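# Breakdown of the fold
Spelled out from the first residue to the last, the chains are:
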Amino acid sequence: MLIRIDFQSDVPIYLQLKNQIVHGIASSELLPEESLPSVRQMAEDIGINLHTVNKGYNLLKDEGFVTIDRRKGAIVNEIPIKPSEKVKETLKDDLKNIIAQAHCFGMDKEEFINECLSMYDEYNK
């Protein structure tokens, strides 16, 4: 899986890394039990600080996407993942913000739902 970091983005690099790995898991580019590159290797490959990679990996672990083993590194977990209540609340907050933005930009409910369904279906191929 190729990780692309946009150094001009307002999104923190560790979140860009985390989000791209989540997309890789959802799209089956990254499979359960697959090892992610070591923190050092990932940092070197994409040209970022290893503490930034570590922060992204720890966020993935905290949300249940990977298990971190001292010997094996970060291992992709089976999906679906049972989310914690904290993760559910974060997802709801994120969705609420996206819906508010769509509303402010004049996107109607049907258009929004159709767009969501279309994007969701991309992960069910």
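Just so it is clear, the model here is predicted, and its values are computed rather than measured.

Right, let's get into the UniProt feature "domain: HTH gntR-type" (unreviewed entry) in the chain. In the numbering used here, UniProt assigns the feature "domain: HTH gntR-type" (unreviewed entry) to residues 11–79. Annotation note: span residues 11–79, helix share 51%, strand share 12%, distance between end C-alpha atoms 26 Å.

The subject of this paragraph is helix α1 (residues 13–26). Look at α1: 20 Å from first C-alpha to last across 14 residues, which is about the 20 Å you get at 1.5 Å a residue. Those residues of α1 that fall on the buried side of the exposure criterion are Q16, L17, K18, Q20, I21, G24 and I25. Tucked into the core, α1 has its buried residues touching α2 (39–46), α3 (50–62) and β2 (73–76). One or two steps after α1, the chain reaches S28, where phi turns positive at roughly 65 degrees.

Analysis parameters
- Counting restarts for each chain: residues are numbered from 1 in the order of the written sequence.
- Per-residue local features of the predicted model are confined to residues with pLDDT of at least 70, and side-chain atom pairs are confined, for both listing and counting, to 80 or more; whole-chain, interface and lining totals are unaffected and use all residues.
- To get the side-chain values, all heavy atoms of the structure are used, and hydrogens and water are removed first.
- UniProt positions are given in the numbering used here, feature names are shortened, and annotations may be inferred rather than shown by experiment.
- A helix here means a DSSP run of H or I that spans at least four residues, while a strand means a run of E at least two residues long, and both kinds are numbered starting from the N terminus.
- Expected helix span is taken as 1.5 Å per residue step, with the number of steps being one fewer than the number of residues.
- Throughout this description, buried means an accessible area under 20% of the type-specific maximum (1.4 Å probe, protein chains only), exposed means over 50%, and partly exposed covers the range between.
- In what follows, a contact means two residues having at least one pair of non-hydrogen atoms within 4.5 Å.

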